[in-house]
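The primary structure of each chain is shown beneath.
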Amino acid sequence: MTALIIIGSILLFFALLIFVPLTATLVYDDEFKAFARVLFVRIKLFPRKKKKKRGPHSMSRRKAAKILASLEKKKQKKKAKKLKKQAKKEEKKAQEEKEGKKSFSEILDTVTSITSLATDALSRFGKRFHVRIAVMRITVATPDAAQTAIAYGAIQAALSQLYATLGQTKNFKLPRESKFRLDTDFSKTEPSAEIKIHFSFSIFALLAAAIGAVLKMLIRKAKEKAYVKARRAALEKKMAQRKARLQAQKAAQNTEDHDRSNQS
């Protein structure tokens, strides 16, 4: 009886586990971030922390000194290269901020990237996941009024594409009006944006999507195999017909030649 209770508890646990919702959250405020959450566990997906490199292990002092000198030389070269790259980056940043284009391009790229991710998720998992836009507030602003109008049109077009893509999901929810806004501010020179979108699905949905993908792949391969087989059979039949036709023509020519020789 105890064994049955234990087995039943384990089966119940796994049955509940496959229906536990998994949530992926995409956030943009000052930079693009991505998180995953299962129950109360939250995992940062992007940007990832860089792993610290470990130094040399146990070895002779001479070898260690040689390695350290080599590492120091590489470090200095890398540092000089980094400083040069940083100087160029800062110069470019100052120029872009002066023109008021950097933040706008970042916002546009973020919206486009989210649309691309959603499209990829739809192609993999179908319409099994739920999407909720928690916050979507974007204010378009540049130093030039004409540029602001162009930027507004570009953002609006990108958002329309995003909503059209997300609208294909099983359950798509928009936020309340206070957290859903796209406008312009001609008194400012830099745009601002706050975006937060939740994608949620269950392990069961993932398994169903995976099984569906495998079945589609097997059906596609079976169709391709049948097509290749049918095409090969058709080609062989065509070659056989051509061969028979050539043989018939050759036999007719031989008969004609034989009749001519008899007449002569």
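Check the entry above for the structure.
Model, not experiment: these values are computed from the prediction.

Draft legend 1. How the structure looks around the packing of aromatic side chains. Taken as a whole and judged by the stated rule, the model has one aromatic pair. Ring geometry for Tyr-163 and Phe-180: centres 5.7 Å apart, planes at 45°, overall tilted. A residue pair is termed long-range when its members are at least 10 positions apart, and Tyr-163 in helix H4 (residues 145-166) and Phe-180 in strand S6 (residues 180-184) qualify at 17 residues. A cation sits over an aromatic face here: Arg-42 above Phe-35, 3.8 Å from the ring centre.

Draft legend 2. Region of interest: the side chain of Thr-110. Here Thr-110 lies in helix H3 (residues 102-125). Residue classification places Thr-110 among the buried residues on the basis of a relative accessible area of 7%. Excluding anything up to four places from it in sequence, Thr-110 contacts Tyr-28, Phe-32 and Ile-195.

Draft legend 3. Region of interest: H4. Between its first and last C-alpha, H4 extends 31 Å over 22 residues, near the 32 Å set by a 1.5 Å rise per residue. Buried within H4 we find Thr-148, Ala-151, Ile-155, Ala-158, Leu-159, Leu-162, Thr-165 and Leu-166. Down the axis of H4, the buried set is contained in an arc of 115°. They therefore lie on one face. Every exposed residue of H4 that faces more than 90 degrees away from the buried side is listed here: Ile-150 and Ala-157. The N-terminus of H4 is capped by Asp-144, whose side-chain oxygen sits 3.2 Å from the backbone nitrogen of Ala-146.

Draft legend 4. Here's a closer look at the pattern of salt bridges. Under the definition given, this model contains four salt bridges. When the shortest N-O distance is used, the salt bridge between Lys-33 and Asp-29 registers 3.9 Å.

Draft legend 5. Quick peek at the nonpolar core. Met-136, Ile-138, Leu-162, Ile-195, Ile-197 and Phe-199 are the most contacted members of the largest nonpolar core, which has 28 residues in total. Elements supplying a minimum of two residues to this core: strand S1 (21-28), H3, strand S4 (130-140), H4 and strand S7 (192-202). Filtering out sequence-adjacent residues up to four positions away, Ile-195 remains in contact with Leu-26, Val-27, Tyr-28, Thr-110, Val-111, Ile-114, Val-135, Met-136 and Ile-138.

What counts, and where the lines are drawn
- Here the residue index of a chain counts from 1 through its sequence in written order.
- Where totals are concerned, whole chains, interfaces and linings use all residues; where local detail is concerned, this predicted model gives features only for residues with pLDDT of at least 70, and gives and counts side-chain atom pairs only at 80 or more.
- The basis for every side-chain value is the complete set of heavy atoms in the structure, and neither hydrogens nor water enter the calculation.
- Only Phe, Tyr and Trp rings are paired, with Trp represented by its six-membered ring, and only when their centres lie within 6.5 Å; those with planes under 30 degrees apart are stacked, over 60 edge-to-face, the remainder tilted.
- Secondary structure elements are taken from DSSP: a helix is a run of H or I of four residues or more, a strand is a run of E of two residues or more, and numbering for both begins at the N terminus.
- Here, a charge over a ring is recorded when the distance from Lys NZ or Arg CZ to the ring centre is within 6 Å and its angle to the ring normal is within 35 degrees.
- Accessibility here uses a 1.4 Å probe with only protein chains present; expressed as a share of the type maximum, an area under 20% marks a residue as buried, one over 50% as exposed, and anything in between as partly exposed.
- Only heavy atoms enter the contact rule, under which two residues are in contact if any of them lie within 4.5 Å.
- Expected helix span is taken as 1.5 Å per residue step, with the number of steps being one fewer than the number of residues.
- Starting at the helix axis, one direction is taken to each C-beta atom, and the arc is that of these directions.
- Polar contact is the term for a pair of N or O atoms within 3.5 Å; when the atoms are in protein, one must be able to donate a hydrogen and the other to accept it, and sequence-neighboring residues count only if both atoms are side-chain atoms.
- Whenever a carboxyl oxygen of Asp or Glu lies within 4 Å of a side-chain nitrogen of Lys or Arg, that contact is scored as a salt bridge.
- Side-chain atoms within 4.5 Å are what join buried Ala, Val, Leu, Ile, Met, Phe, Trp, Tyr and Cys residues into a set we call a nonpolar core.

Remember, this is a structural readout, not a statement about activity or role.
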